[in-house]
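Summary of the model geometry
This is what each chain is made of:
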Amino acid sequence: RGDASDVMRLRTAYAECTKKIAEKLEAPAENVSIPIETFPDGTVKSRVTAARAHIFADTGFVWGEKVRVEQYREDGTVHASLDAESCVVDRGSQSGWGAGDAKMTYGEASVKGRGVYFSLARQFIKIFSQSEIRVAHAKFDAGSLFK
């Protein structure tokens, strides 16, 4: 998890996609939902939805605004979700980078911040600034910090 090569690759991809979008001036697809991974029976294991998205078929990237990435259990219930202002997702590696605000929810825990890298395959998230972690029902002894 200390290897930052995938983070750097996706940050570069985010910038390149943003540049291509600005140059082409094409209208984005709206209200998009794209599967990223499926279970062996064909049901969706993870997907990305976006209010507005540009799909780069040649690279497998999806660049979107108001993005939601969801992971599902086999019974179809949501296992984890990530909401981001804007984000690029690599469908091949099942990873992504969001430059702005983002929030991930996993059970009763949530993390949020700015500049977020995630990997669904490795079940990993890294927040680069203004990070905040919230956990419900955590048993925590504040006095233990001062021993």
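An account of the accompanying structure is given in this report. (Residues numbered from 1 in each chain as written. Predicted model: local features only at pLDDT ≥ 70, side-chain atom pairs only at ≥ 80, totals over all residues. Heavy atoms only, no water.)

**Describing the overall build of the protein**
When its secondary structure is counted, the protein shows one helix and seven strands. Starting at the N terminus and ending at the C terminus, the protein contains elements arranged as α-β-β-β-β-β-β-β. With the C-alpha coordinates aligned to their principal axes, the bounding extent of the protein is approximately 60 × 35 × 25 Å. When the accessible surface of the protein is summed, it comes to about 8900 Å², and 52% of that surface belongs to carbon and sulfur atoms. Here the protein carries 21 positive and 20 negative side-chain charges, and the mean point of each set is 4 Å from the other. (Helix = DSSP H or I, 4+ residues; strand = E, 2+ residues; numbered from the N terminus. Areas by Shrake-Rupley, 256 points an atom, 1.4 Å probe, with all protein chains shown as cover. Lys, Arg positive; Asp, Glu negative; His and termini not counted. Charge placed at Lys NZ, Arg CZ, Asp CG, Glu CD.)

**Side note on the pattern of salt bridges**
Scanning the model with the defined rule gives 11 salt bridges in all. A salt bridge links Glu70 to Arg68; the nearest nitrogen and oxygen atoms lie 2.9 Å apart. Judged by relative accessible area, Glu70 falls into the buried class, the value being 9%. By relative accessible area, Arg68 is classed as partly exposed at 29%. One network of salt bridges, with partners in common, ties together Arg47, Arg68, Glu70 and Asp83. (Salt bridge = Lys/Arg side-chain N within 4 Å of Asp/Glu carboxyl O. Buried < 20%, exposed > 50% of the residue type's maximum accessible area, 1.4 Å probe, protein only.)

**Things to note about the pairing of strand β6 (residues 109-119)**
For β6, the buried fraction is high: eight of the 11 residues fall into the buried class. Direction of pairing for strand β5 (residues 95-106) relative to β6: antiparallel, over a ladder of 10 bridges. Bridging across to β6, Trp97 finds its partner in Tyr117. Here β5 hands over to β6 after two residues, with Gly107 in that stretch at a positive phi of 65 degrees. In this sheet, strand β7 (residues 124-135) lies alongside β6 in antiparallel orientation, the contact comprising nine bridges. Along β7, the bridge assignment pairs Val116 with Ile127. Hairpin geometry of β6 and β7 is characterised by an intervening segment of four residues between the two adjacent antiparallel strands and by a positive phi of about 50 degrees at Gln123. (Pairing = 2+ DSSP bridges.)

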